[in-house]
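Architecture and fold: a report
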Amino acid sequence: MGNLSTPRSVQKLQKALHAKAKAEPGFRFYALYDKIYREDILAYAYARCRSNKGAPGVDRQDFADVEEYGVERWLGELALALRKESYRPDPIRRVFIPKANGKLRPLGISTLKDRVCMTAAMLVLEPIFEADLPPELYAYRPKRSAQQAVVEVEERMFRGRPDVVDADLSDYFGSIPHAELLKSVARRVVDRRILHLIKQWLECSVEETDDRGRKKRTTEARDTRRGIPQGSPVSPLLANLYMRRFVLAWKKLGLDQRLGSCIVIYADDLVILCGQGKADEALLWMRKIMGKLQLTVNEEKTRVCRIPEEKFDFLGYTFGRMYSARTGKARMGYRPSKQSIKRMVRQIHALTAKAMVWQETTALVCKLNRMLRGWANYFNVGTVSRAYRALDSYTSMRLRRWLRTKHKIRRSGYKDYPDSYLYENLNLVRLSRLGFDVSWVKA
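Residues numbered from 1 in each chain as written. Predicted model: local features only at pLDDT ≥ 70, side-chain atom pairs only at ≥ 80, totals over all residues. Heavy atoms only, no water.

**Quick notes on the overall build of the protein**
Which entries qualify depends on this criterion: The secondary structure listing takes helices from DSSP runs of H or I that are at least 4 residues long and strands from runs of E that are at least 2 residues long, numbered from the N terminus. Throughout, a residue-residue contact means that at least one pair of heavy atoms, one from each residue, lies within 4.5 Å. Calculation of accessible area relied on Shrake-Rupley with a 1.4 Å probe; when residues are assessed, cover is drawn exclusively from the protein chains displayed. Neither His nor the chain ends contribute to the count of charged residues, in which Lys and Arg are positive and Asp and Glu negative. Where a charge lies is defined by one atom per residue type, namely NZ (Lys), CZ (Arg), CG (Asp) and CD (Glu).
Across its full length, the protein carries 20 helices and eleven strands. The dimensions of the protein, computed from C-alpha atoms along their principal axes, are 70 × 60 × 45 Å. A separation of at least 24 residues holds for 70% of the contacts in the protein among residues at least 6 apart in sequence. For the protein, the exposed area adds up to about 23,000 Å²; of that, 50% sits on carbon and sulfur atoms. Counting 83 positive and 50 negative side-chain charges, the protein places the averaged centre of each group 4 Å from the other.

Here it is as structure tokens:
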């Protein structure tokens, strides 16, 4: 969210809610609904949605429309609808975005009104449930990240957990049962108006547009009573809240002690690190618990991996035995996976294609730099130097080829565009020189 800071009044409320929830694990919150339509909460919720940008929903209303209408007036009308309990969410516009494996992932786009309302609810609810979420969950949480999850996996492997269950769930977000999820919410929040709001969001109809431009609305979520819409502000917290059940069940059965196991979860990505020879039993228990939770294990992608003989991928990294480039000695470690590097190569290739020579050189380099920095911002832990060098080499080769095409230079080689020109004149980012301890990587 850039430099967007939380207003003091909102911080004060969140700290009070979190402190109460942390101090009294059995406390149930009865009166929260009025906090959602507080002027400061709604204004900050709008500012967060504004900073995140995002496409319009089914009503096609965007931020420019709201600002032309008047933000205070628009928020005032939303607050009134919430106060009178006349607010009703609009259908969700569904689009499909490509996944890394070539398949399509459904993404739900709520209307701006609904996004602001959901964000306001999350500002109130997140501090409460954050007090209950176990440390095994790393996604969508304050001061937690995918990199921390990756580092935790490596540390656990070093501490004598060489057997790993590399698990995958089939359509986790789309499979969560509404009734059980709402029980998880009601364990802490018994304000019926809050529960009704969440139920409405879960049961929203979905609008899709086919190849001919025809719109079709379905009520699958309401009919099956399953699934939370990916892409909505409410989804991350609810997904964590339901996955909490798995972690609690694992510990209640004493499997962490009996199997010497440690769970690391990021959204629907899950690994269980176990003591030697315990992974097969852990896999059986994982299947059993997930079945009780009405979730489906993807058997094709779920496997047992024994380190150091085998390797596994998690959150874009490959874990296993690696060899030092200087000494040739073997060691345990992790590095950006081949698939992660290949995806980046494809993006660089597309950006520097012949069809893109219409761009200004400075504009193209700016896009490349933004892409490279973004990649290094994520891949800034583990053994990254080899991946950095590979991307540097590929990017410079593609940029030279693009420059020769743009300026109609037929000869090849480095003479016309040497490294000094690319990195000093055009200011192309060089990952292997910058390293991963500089300010922009940490930003």
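There is more to say after this.
**Some remarks on the environment of Leu169**
Definition in use: Here's how the labels work: a residue is buried when its accessible area is under 20% of the maximum for its type, exposed when over 50%, partly exposed in between, all with a 1.4 Å probe on protein chains only.
Looking at the element boundaries, Leu169 is found in the loop between strand E3 (163-168) and helix H8 (172-175). Since its relative accessible area comes to 6%, Leu169 is described here as buried. Leave out the neighbours within four places in its chain, and Leu169 touches Met243, Asp268, Met290, Thr296, Val297 and Asn298.

**Description of helix H7 (residues 146-158)**
Working note: α-helix, 3.6 residues per turn, so residues spaced by three or four point in the same direction. Heads up, the rule is: Each residue after the first adds 1.5 Å to the expected span of a helix.
Over its 13 residues, H7 runs 19 Å from end to end, which matches the ideal 18 Å to within 8%, given 1.5 Å per residue. Those residues of H7 lying buried are Ala146, Gln147, Ala149, Val150, Glu152, Val153, Glu154 and Met157. Where H7 is buried, its residues meet strand E6 (262-266), strand E7 (269-274), strand E9 (312-314), strand E10 (317-323), strand E11 (330-336) and helix H16 (361-378). With its phi angle positive at about 90°, Gly160 sits one or two positions after the end of H7.

Honestly, it's all geometry; don't read function into it.
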